[in-house]
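What follows is the residue order along each chain.
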Amino acid sequence: MHDRVTRPILCALAVAALITGACSTTGTPTTGPSGSGAAAAGKPFVFASTQFTPVEEQERMRTKILAGFNAAQVDFITEAENDSISRITAEAKVGGQGQVGLLGYENGQFGTLATAGYLSDISSLLGKYTDRKIPQDMVTLGKLGTSTQLYIPWMQATYFLAINKKALPYKPDGVDENALTYDQLIAWGKNIKDKTGLARIGLPAGPNSLLHRLLQGFLYPSYTGGLVTTYKSADAVTMWGKVKELWAVSHPQSTTYAFMQEPLQSEEVWIGFDHVARLINVLKAKPNDFIAVPAPAGPKGRYYMSVVVGLAIPKTTPNRAGAEALIDYLLKPDTQVTTLRENSFFPVVDVKLPSDLDKGLQLEANAVAKQATAKDAKVVPLPVGLGAKGGDFNKALVDTFQRIVIKGENIQTVLNEQGVLLQKAVSDANAPCWGPDGTSSGPCQVK
Amino acid sequence: MLLLPSIAFLALLILVPMVQALLLSVQAEGGELTLEHFRRMSSDVAFSDAFRNTLVLLILIVPLQIALALVMALIVHSRIKGHAWFLYVYAIPLAISDLAAGILWLAIFTERGYLNTVLQGVGVLETPHTWLAYTDFATLLAAIVIAESWRATALVLVILIAGLQLIPRDYFEAADLFGASRLRRTIHVVLPLLRPSLQSALIIRTIFAFQTFAVVFALAGRNMPVLYGEAYNWYSLNRNPNVAAAYAVVLLTLTIGCTIVYLRVLHVGRAETTR
């Protein structure tokens, strides 16, 4: 009897302990001082970021990337977007000084805090960085549609094609792999399929893949010049026809792929299109077997999505001078290279990459540079201002793909029906147009 | 009185989350009652496929596993040479998590996997065959049924072996005395006496079949939506806990419905269950 009474109580206690334990680790800074400087000036502060979620990346951030920063004691923590926004909102509502001194978010994640007016104006800092040559469009993104600078670009990532050299003999005549178009990519895939009997192009279309980003940042703008405002246009119908052609020469297991580096490594796929961080392992493992090339171009240009991560100072920062010093430190060419080496995020400042860079990283760096400097290159940011409705927005697009490409439904019918859901996501979030869609006074309108 | 701690335990960890899920599925953002989440669920592109696939998997997997587990249990129970060894081998999948099992079978069935390597090695195939293509639903389904049967049959086996061991030896001796063959003994003695265990096994296995997810997720990706997987997708990918809860409520209803049917159809008398 004793056992029957105590066991459930013990279980409940254990569960309670687990829950409180979990809460306390997410709520407080998790490391000691990262800068080794004993002569730290000013108050210690927290550097909160939505990036570097893998534990190894966080560890490398604390022990390697931040190792040379001595101006103040900094605790680097990684938080989910919503948690981090809630925390800054709470600190702002309490007023005075909070714990978080600096924020490192993706471009699209700053919207809520910017609208609420919780971010400091850091326009005065910009002058210090003119010699570091941060690309102007990127700097403009940091204004978040206002007239003041609310964040300064910190690092970037993008997507490109990794190609196994075994695919090169099947490249159609006269095609420059560094300036591919979607039509040429389809022809290349068809050639491989005709000659080997195997579909060797791979698209990340599985669960947890970034298929929605390929649609938002590459296919849609390259074919229609927009995304929301051209969602059900005639150009969009053409685009979906091309996507179906591309799919026909893509590996039929593509619907299971989340990270293209895996099927590329097993050579199930020869040509893979994905995010830099989802290709790096195969390029590091087999740098001699691969080339890396820019994303293809469509009729409207070579649109590519740039994931820009920026640094912003919340108005409640406990140490403004320290936060500014940290921005300066993170934007130093040396720190930017260390960030690339350790965590595979690319520099935003003009920097000559060292010759001893890992071969896989070198491949990525070259592809990223070629993509950014291509004559027809146009950059697309991550969706802006969708907040919690981002999930609905992405789902509307992925379901469009599912219905048109996998299930073979009528293109225009699907676009009309899914367009209603896409509009609902944008309207619920009250998000004005962004990126290639231009600007709008109210919520962006699906056309 | 002695039941109180278990009741409290059940209430805290099962009843409360169940009520919370129910509330989530019918509450709008402002807190008022709505059927919007259910509408959203049923009009979703994956819903009808998920519903169908879950039932198809259930119909294929549950009888297959019960039959397999019964044969396996009889082998172990027959005390033939090495029967203990059989039990250990059969039980191995029990120690492996769903997703790990899914990834393991992916390594077998994927285009560059073990199956194609072996088939090419012995000359059956010239070029690798894509077993997990979205274009070939039957093969995809077969791969999932094989993987899922491998993974979860042992669970049924354990229940059946326990049931077999509860049958008193006297019955077998009596059957032998009357000259019953092994087959007749199985049909007329073992199966009727095993009914309570079969019922438990069926109920438990059916509940788990509704929760089939990780193996399907690993092998078929987006090709074969199932109800449980959609609940996960809506919660984690689409960040919509309300629709996820609506899926959970559908699963709950189906599970309770099936359990009631089993209890009625296989109606095990009180005497048998307490034997």
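Residues numbered from 1 in each chain as written. Chains lettered and ligands numbered in written order. Predicted model: local features only at pLDDT ≥ 70, side-chain atom pairs only at ≥ 80, totals over all residues.

### Brief notes about the overall build of chain B
Short version of the rule: Working definition: helices are DSSP H or I runs of at least four residues, strands are E runs of at least two. Numbering for both runs from the N terminus. Partly exposed residues are those whose C-beta has more than 12 but fewer than 20 other C-beta atoms within 10 Å; 20 or more makes a residue buried and 12 or fewer makes it exposed, with C-beta atoms placed from the backbone. Note that contacts rest on C-beta atoms placed from the backbone: two residues are in contact if these are within 7 Å.
For chain B, the helix and strand inventory stands at 14 helices and zero strands. In chain B, the succession of helices and strands from N to C terminus is α-α-α-α-α-α-α-α-α-α-α-α-α-α. Referenced to the eigenvectors of the C-alpha coordinate spread, the extents of chain B come out at roughly 70 × 70 × 30 Å. Within chain B, the proportion of its 275 residues that are buried is 32%. Intrachain contacts of chain B at a sequence separation of at least 6 include 69% that bridge at least 24 residues.

### Quick notes on the overall build of chain A
As a reminder, the rule being used: Radius of gyration: over C-alpha atoms. The globule rule applied is 2.2 Å multiplied by the number of residues raised to the 0.38 power.
When helices and strands are tallied, chain A shows 16 helices and 12 strands. Taking 22 Å as the expected radius of gyration for a compact globule of 447 residues, we find that chain A reaches 23 Å, a close match to that expectation. Summarising its shape, the C-alpha atoms of chain A cover approximately 70 × 65 × 50 Å along the three principal directions. Within chain A, contacts between residues separated by at least 24 positions form 77% of all contacts whose residues are at least 6 apart in sequence.

### A look at the packing of helix α12 (residues 227–237) of chain B against helix α13 (residues 241–265) of chain B
Residue and element names in this part refer to chain B. This is how it is decided: Interaxial angles span 0 to 180 degrees and are taken between N-to-C directions of axes, which are lines fitted to C-alpha atoms, for helices over the stretch in contact. Oblique is the label for any angle not covered by the other classes, which are roughly parallel (under 35 degrees), roughly antiparallel (over 145) and roughly perpendicular (65 to 115). Crossings are assigned a handedness: left-handed for a near helix turned anticlockwise from the far helix by less than a right angle, right-handed for a clockwise turn.
Orientation of α12 relative to α13, taken along the N-to-C sense of each, is 165 degrees, at an axis distance of 7 Å. Relative to α13, the element α12 lies roughly antiparallel. The interaxial crossing formed by α12 with α13 has left-handed handedness. Facing α12, whose interface residues are L227, Y228, E230, A231, W234 and Y235, α13 presents P241, V243, A244, Y247, A248, V250 and L251.

### Some details on the packing of helix α5 (residues 98–109) of chain B against helix α7 (residues 137–166) of chain B
Residues and elements named next belong to chain B. Our working rule: Amino acid classes used here: Ala, Val, Leu, Ile, Met, Phe, Trp, Tyr, Cys and Pro are nonpolar; Asp, Glu, Lys and Arg are charged; the rest, including Gly, are polar.
Closest axis-to-axis distance for the α5/α7 pair is 10 Å, and the angle between their directions is 135 degrees. Taken together, α5 and α7 sit at an angle that is classed as oblique. You can see that α5 and α7 cross each other, and the crossing is right-handed. When α5 is examined against α7, the residues D98, A101, G102, W105 and F109 are found in contact with a partner set consisting of A143, A147 and R151. Class assignment for the residues of the contact of α5 with α7 results in five nonpolar, one polar and two charged.

### Looking at the environment of L397 of chain A
All names here are of chain A. Within the secondary structure, L397 is located in helix α15 (residues 390–406). Its 22 C-beta neighbours within 10 Å are what place L397 among the buried residues. L397 has contacts with H212, L215 and Q216, leaving out every residue within four places of it along the chain.

### Observations regarding helix α13 (residues 333–343) of chain A
Residue and element names in this part refer to chain A. Condition: Note that the arc is defined by the directions from the helix axis to the C-beta atoms.
Taken residue by residue, α13 has T335, Q336, T339, L340 and N343 as its buried positions. An end-on view of α13 places all buried positions within 145 degrees of arc, on one side of the element. Where the residues of α13 are buried, they touch α2 (55–65), β4 (152–157), α12 (320–330), β11 (346–347) and α14 (359–373). Within two residues after α13, S344 carries a phi angle of roughly 60 degrees, on the positive side.

### Thoughts on the sheet that holds β11 of chain A
All names here are of chain A. What counts is decided by this rule: By definition, two strands form a pair when at least two bridges between them are found by DSSP.
The strand order across the open sheet built from six strands is β2-β1-β3-β10-β4-β11, with neighbouring strands paired in mixed fashion. Two strands lie at the open edges of the sheet, namely β2 (74–78) and β11, each paired on one side alone. Pairing analysis gives two bridges linking β4 to β11, with the strands arranged antiparallel. Of the residues in β11, the one forming a bridge with M155 is P347.

### A short note on the confidence of the model for chain A
Basically, it comes down to this: Within a predicted model, pLDDT stands for the predictor's per-residue confidence, ranging from 0 to 100.
Here chain A averages 87 in pLDDT, and 91% of its residues register 70 or above. Low pLDDT, under 50, characterises residues 1–40 of chain A; the predicted model gives this stretch 38 contacts beyond four residues in sequence or across chains.

### Describing the interface of chain A and chain B
At the junction of the two partners, chain A supplies 26 residues and chain B supplies 26 residues. Of all elements in the fold, only α1 (2–27) and α15 of chain A reach the threshold of two or more residues within the side of chain A that touches chain B. If you tally residues by element for the side of chain A that touches chain B, the top one is α15 of chain A, at seven residues.

### Focus on the domain arrangement of chain A
Residues and elements named next belong to chain A. Stated formally: Annotation comment: domain bounds sourced from an automatic or database domain assignment.
Each domain of chain A was delimited in the assignment, giving domain 1 (31–156 + 307–352) and domain 2 (159–305 + 377–383). Computed over C-alpha atoms only, the centres of domain 1 and domain 2 are separated by 32 Å. Listed per partner, the contact involves eight residues of domain 1 and eight residues of domain 2. Of all the secondary structure elements, the ones that give two or more residues to the side of domain 1 that touches domain 2 are α6 (136–141) and β10 (307–312). The class makeup of the residues in the side of domain 1 that touches domain 2 is three nonpolar, three polar and two charged.

### Observations concerning the environment of F137 of chain B
Mapping F137 of chain B onto the fold places it in helix α7. Placed 86 residues apart in sequence, F137 of chain B and N223 of chain B show a C-alpha to C-alpha distance of 8.6 Å.

### Overview of the pairing of β2 of chain A
Residue and element names in this part refer to chain A. This is how the line gets drawn: For a crossover, the right-handed case is the one in which the path from the first strand over the helix to the second runs clockwise, viewed with the strands pointing away from the viewer.
For β2, the buried fraction is high: five of the five residues fall into the buried class. Both faces of β2 are covered, namely the face carrying V74, F76 and T78 and the face carrying D75 and I77. Sheet topology note: the strand β1 (residues 45–49)/β2 ladder contains five bridges and is parallel. Bridge pairing in β2 links S49 to T78. With α2 bridging β1 and the parallel β2, this β-α-β connection has right-handed handedness.

### Observations concerning the nonpolar core
Definition in use: By definition, a nonpolar core groups buried Ala, Val, Leu, Ile, Met, Phe, Trp, Tyr and Cys residues that connect through C-beta atoms lying within 7 Å of each other.
Judged by nonpolar contacts, the single largest core of 132 residues is most densely connected at A162, L311, A312, L326 and L422 of chain A. Sort the elements by how many residues they give to this core and helix α16 (residues 411–429) of chain A lands first, with eight residues. The two domains that each donate at least three residues to this core are domain 1 (31–156 + 307–352) and domain 2 (159–305 + 377–383) of chain A. Apart from residues no more than four positions distant in its own chain, L311 of chain A is found in contact with L102, L103, G104, Y151, I152, W154, I327 and L330 of chain A. Residues A143, L227, W234 and V250 of chain B belong to the second largest nonpolar core, which totals 40 residues.

### Quick word on unusual backbone geometry
Residue and element names in this part refer to chain A. Within the chain, K133 stands out as a residue other than glycine whose phi angle is a positive 50 degrees. Checked against the element boundaries, K133 lands in the loop between α5 (123–126) and α6. Classification of K133 by C-beta neighbours within 10 Å gives exposed; the count is 11.

### Description of α12 of chain B
Residues and elements named next belong to chain B. By the burial criterion, the buried members of α12 are L227, Y228, G229, E230, A231, N233 and W234. Considering only its buried residues, α12 is in contact with α3 (47–77), α10 (195–210), α11 (214–220) and α13. R239 occupies a position one or two residues after α12 and carries a positive phi of about 50 degrees.

### Some remarks on the environment of Q211 of chain B
All names here are of chain B. With respect to the helices, strands and loops of the structure, Q211 is situated in the loop between α10 and α11. For Q211, a count of 16 C-beta atoms within 10 Å gives the class partly exposed. Sequence-wise, Q211 and G229 are 18 residues apart; in three dimensions their C-alpha atoms are separated by 8.3 Å.

### Brief notes about the sheet that holds strand β7 (residues 271–275) of chain A
Residues and elements named next belong to chain A. Reading across the sheet, the four strands line up as β6-β7-β5-β8 and stay open at both edges, with mixed pairing between neighbours. Unpaired on one side and paired on the other, β6 (201–202) and β8 (290–293) mark the two borders of the sheet. When strand β5 (residues 159–164) meets β8, the two strands line up antiparallel, connected through four bridges. Counterpart to A162 in the pairing with β8 is A292.

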